[in-house]
Amino acid sequence: MEVLTKMHRNILYISLNGELDEKTAEYTRLALEKCMLQANAGQIVIDLANLSFMDSTGIGVLIGRYKKMKDRGIPIFISNPSVQAERIFNMTGLYKIMPKIKGAI
Amino acid sequence: MNKKIINTMSMTIPAKSENESFARAAVAAFCSSLDPTVDEISDLKTAVSEAVTNCVVHAYQKRQSNDDIITIACELAEDMLTVKISDHGVGIPDIKQAMQPFYTTVKDGERSGMGFTVMQSFMDKISVNNNEGGGTVVTMQKNFTKEAEKVSGE
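Heads up: these notes are all about the structure in this document. These numbers were taken from a predicted model, which means no experiment stands behind them. (Residues numbered from 1 in each chain as written. Chains lettered and ligands numbered in written order. Predicted model: local features only at pLDDT ≥ 70, side-chain atom pairs only at ≥ 80, totals over all residues. Heavy atoms only, no water.)

### Some words on the overall build of chain B
Reasoning step 1: The number of helices and strands found in chain B is five helices and five strands.
Reasoning step 2: Sequence-ordered secondary structure for chain B, helices as α and strands as β, is β-α-α-β-β-α-α-β-β-α.
Reasoning step 3: Radius of gyration (C-alpha) of chain B: 16 Å, near the 15 Å computed for a compact globule of 154 residues.
Reasoning step 4: With the C-alpha coordinates aligned to their principal axes, the bounding extent of chain B is approximately 50 × 30 × 30 Å.
Reasoning step 5: A burial count over chain B gives 51% of its 154 residues as buried.
Reasoning step 6: Taking contacts inside chain B between residues at least 6 apart in sequence as the whole, the part at least 24 apart equals 65%.
Reasoning step 7: Summed over all atoms, the accessible surface of chain B reaches about 7,800 Å², with 50% contributed by carbon and sulfur.
Reasoning step 8: Of the charged side chains in chain B, 15 are positive and 21 negative, and the gap between their average positions amounts to 3 Å. (Helix = DSSP H or I, 4+ residues; strand = E, 2+ residues; numbered from the N terminus. Rg over C-alpha atoms; globule rule 2.2 N^0.38 Å. Buried < 20%, exposed > 50% of the residue type's maximum accessible area, 1.4 Å probe, protein only. Contact = heavy atoms within 4.5 Å. Areas by Shrake-Rupley, 256 points an atom, 1.4 Å probe, with all protein chains shown as cover. Lys, Arg positive; Asp, Glu negative; His and termini not counted. Charge placed at Lys NZ, Arg CZ, Asp CG, Glu CD.)

Listed below in structure tokens is the structure:
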């Protein structure tokens, strides 16, 4: 798993490259937390175009980050999910708290 | 009428999180003779990953030990795959409750409680049972699109 970031205006764009499962969850959690806290962004976009695999462990990681950023009033958006990720997001209601947006980094 | 079994595969792996990607890739590769679609393979890999995650995280409590064994047995009967993923871990006291969406026993962790729901959604059939001698057996089935349907359906 590789977590890449780019700041544009006050938006932090984060790209997850690789597979998000139990093996990579802890690293991803820490990497996301670190860049989200350092960035001082007004909004965050997590781009999943290069996420080749994700199971429901990934939902836990994303919801955990949502809770942390919600306390700071920073919204998180999701872009470019795979078909499978999209289905998991829909069945968990994730988009209600982290809406999907169009666009890429 | 019973479908004719055309291939079988069985493997055992220690319940380590690093084996999850191997396990889902191995099951996906086993089905390659059916010429599955990309979506079918992604669905299957996701469901297998959920079942193996349950073994690693819940059945064997993240011990990551070589002594904690997960058995994955696959059977191809014509266009239908059966995957049986079993462990000898702590077992599930109330299977019905465990299969409820968002149910998780992990209080302080960031777990979604959606593992079984994802398996149900991504496979055609799933059953969860107690394993003989302790632990859990998850049996999942998926029907793959026949070649003729792929051509006419697209």
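More follows now that the structure is in view.
### Describing the sheet that holds strand β5 (residues 136-143) of chain B
All names here are of chain B.
Reasoning step 1: Taken together, the five strands give an open sheet; going across it, the order is β1-β2-β3-β5-β4, and neighbouring strands pair in antiparallel fashion. Here the strands that pair on one side only, and so sit at the sheet edges, are β1 (5-14) and β4 (125-130). Ignoring which end each strand starts from, the neighbouring axes of this sheet average 15° apart.
Reasoning step 2: One ladder, built from seven bridges, connects strand β3 (residues 80-87) with β5; its direction is antiparallel. The partner of Lys 84 across the bridge, within β5, is Thr 139.
Reasoning step 3: Taken strand by strand, helix α1 (residues 19-30) contacts β1, β2 (69-77) and β3, and its axis lies near 170° from that of β1.
Reasoning step 4: Together, β2, β3 and β5 form the strand contacts of helix α2 (residues 38-59), whose direction differs from that of β3 by roughly 10°. (Pairing = 2+ DSSP bridges. Axes fitted to C-alpha atoms, helices over the stretch in contact; angles between N-to-C directions.)

### What about the side chain of A:Thr57?
Reasoning step 1: By the element assignment, A:Thr57 lies in helix α2 (residues 56-71).
Reasoning step 2: Non-local contacts of A:Thr57, meaning those with residues more than four positions away in its chain, are made with A:Asp21, A:Glu22, A:Ala25, B:Thr53 and B:Arg111.

### A word on unusual backbone geometry
Reasoning step 1: With a phi angle near 55°, A:Asn80 is a residue other than glycine that sits in the positive phi range.
Reasoning step 2: Take A:Asn80: it is sitting in the loop between β5 (76-79) and α3 (83-92).
Reasoning step 3: We classify A:Asn80 as partly exposed; its relative accessible area is 31%.
Reasoning step 4: Backbone geometry at B:Asp35 places phi at a positive 50°, although glycine is not the residue there.

### So, the pattern of salt bridges
Reasoning step 1: Counted according to the given criterion, the structure contains 14 salt bridges over all chains.
Reasoning step 2: With a shortest N-O distance of 2.9 Å, A:Glu33 and A:Lys68 are connected by a salt bridge. One end of the pair, A:Glu33, is in helix α1 (residues 22-39); the other, A:Lys68, is in helix α2, with 35 residues separating them in the sequence.
Reasoning step 3: The class for A:Lys68 is partly exposed, based on a relative accessible area of 38%.
Reasoning step 4: For B:Asp43, the salt bridge is made with A:Arg87, and the minimal N-O distance between the two is 3.3 Å. Taken together, the residues B:Asp43 in helix α2 and A:Arg87 in helix α3 connect one chain to another.
Reasoning step 5: On the basis of relative accessibility, which here comes to 8%, the residue B:Asp43 falls in the buried class. (Salt bridge = Lys/Arg side-chain N within 4 Å of Asp/Glu carboxyl O.)

### Considering the interface of chain A and chain B
Reasoning step 1: Counting residues at the interface gives 21 residues for chain A, matched by 25 residues for chain B.
Reasoning step 2: For the pair chain A and chain B, the summed buried area comes to about 1,900 Å², and 50% of that belongs to carbon and sulfur atoms.
Reasoning step 3: It is A:Glu22, A:Gln84 and A:Met91 that lose the most area in chain A upon contact with chain B, and together they represent 31% of the buried surface on that side.
Reasoning step 4: The element best represented in the side of chain A that touches chain B is α2(A), accounting for seven residues.
Reasoning step 5: Of the residues belonging to the side of chain A that touches chain B, the class tally is seven nonpolar, six polar and eight charged. (Buried area = accessible area lost by both parts, 1.4 Å probe. Nonpolar A, V, L, I, M, F, W, Y, C, P; charged D, E, K, R; others polar.)

### Observations regarding the nonpolar core
Reasoning step 1: A:Ile46, A:Phe89, B:Ile70, B:Ile72, B:Leu81 and B:Ile85 are the most contacted members of the largest nonpolar core, which totals 70 residues.
Reasoning step 2: Ranked by residues supplied to this core, first place goes to α2(B) with eight residues.
Reasoning step 3: Setting aside anything within four residues of it in sequence, one finds B:Ile85 in contact with B:Val48, B:Ala51, B:Val52, B:Cys55, B:Ile70, B:Thr71, B:Ile72, B:Thr136, B:Val137, B:Val138 and B:Met140. (Core = buried A, V, L, I, M, F, W, Y, C linked by side-chain atoms within 4.5 Å.)

### Regarding α1(A)
All names here are of chain A.
Reasoning step 1: In a regular helix each residue adds 1.5 Å, so 18 residues correspond to 26 Å; α1 covers 26 Å between its end C-alpha atoms and thus fits that length.
Reasoning step 2: Where α1 is concerned, the buried positions are Glu 22, Thr 24, Ala 25, Thr 28, Arg 29, Ala 31, Leu 32, Cys 35 and Met 36.
Reasoning step 3: Where α1 starts, the residue carrying a side-chain oxygen 3.0 Å from the main-chain nitrogen of Lys 23 turns out to be Asp 21.
Reasoning step 4: Note on α1: the residue one or two positions beyond its end, Asn 40, has a positive phi of about 55°. (Expected span 1.5 Å × (residues − 1). Polar contact = N/O pair within 3.5 Å; in protein donor to acceptor, adjacent residues only side chain to side chain.)

### A closer look at the pairing of β4(B)
All names here are of chain B.
Reasoning step 1: Two strands pair when backbone bridges link them, and β4 and β5 are joined in this way by six bridges, in the antiparallel orientation. Residue pairing for β5: Asn 130 is matched across the bridge by Thr 136.
Reasoning step 2: Hairpin connection, β4 to β5: the antiparallel pair is bridged by five residues, and Gly 133 has positive phi, about 80°.

None of the figures reported here should be taken as evidence of function without further support.
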